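Spelled out from the first residue to the last, the chains are:
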Amino acid sequence: KGFTLIELMIVIAIIGIMSAVALANWLGYQNNVNLKTAAGEVMADIASCKQRSVSEGINYCIQFTNGSPNYSINAPTCIPPTQTQAKNLTSFGSGLTISSANFGLFGQELRFIPRGTISAGTVRLTNSKNSTATITTTVTGRAHVSFTMQ
């Protein structure tokens, strides 16, 4: 009365298969959580730059680099030499990149003017699963994010 070696091996194989499937799903979930966290950080930086531009009465600029996880916050202009704060999306997980940034005439630069307006456009963040977060800004200073998860 007990288990045979074959029965134990079958149970261990089933547990191994279930663990592999669960791990793959968990990693995909974690990649999407990292994307949402990074998008939240970019949104917070946009709100902070708008508020600081109005309160300090100077221009601010966020410069994005397409195909890279890097962006920078600059004041009083985007033209060096300026006060710069470098940001990196990899602090939220590997595989996060800025796949595109387009702000019309300003290219990859999101500009903030002391009267509260900003340049309209979009920034698209992508993770290693090809999920995307699209941050859209309007001239009135509003920003919102939409997600397409894979």
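As a starting point, this report considers the structure included with it. Because the structure is a prediction, the values reported are computed rather than measured. (Residues numbered from 1 in each chain as written. Predicted model: local features only at pLDDT ≥ 70, side-chain atom pairs only at ≥ 80, totals over all residues. Heavy atoms only, no water.)

**Some thoughts on the pairing of strand β8 (residues 143-148)**
The side chains of a regular strand alternate, residue by residue, between the two faces of the sheet. In the sheet, strand β7 (residues 132-137) pairs with β8 via 6 bridges, with the strands oriented antiparallel. Across the sheet, Ala-133 pairs through a bridge with Phe-147, a residue of β8. Hairpin connection from β7 to β8: 5 residues lie between these consecutive antiparallel strands, with Gly-141 at a positive phi of about 100 degrees. (Pairing = 2+ DSSP bridges. Helix = DSSP H or I, 4+ residues; strand = E, 2+ residues; numbered from the N terminus.)

**Description of the environment of Gly-93**
For Gly-93, the position within the fold is in the loop between β3 (83-88) and β4 (97-102). As a C-alpha pair, Gly-93 and Ala-47 span 46 residues in sequence and 23 Å in three-dimensional space.

**Some remarks on a nonpolar patch on the surface**
Taken together, the side chains of Ile-6, Ile-10, Ile-14 and Met-18 present a nonpolar region at the surface, about 430 Å² in accessible area. Residue class for Ile-14 comes out partly exposed when judged on its relative accessible area of 45%. (Patch = residues over 30% accessible without salt bridge, like charges linked within 9 Å, V, L, I, M, F, W, Y side chains within 5 Å. Areas by Shrake-Rupley, 256 points an atom, 1.4 Å probe, with all protein chains shown as cover. Salt bridge = Lys/Arg side-chain N within 4 Å of Asp/Glu carboxyl O. Buried < 20%, exposed > 50% of the residue type's maximum accessible area, 1.4 Å probe, protein only.)

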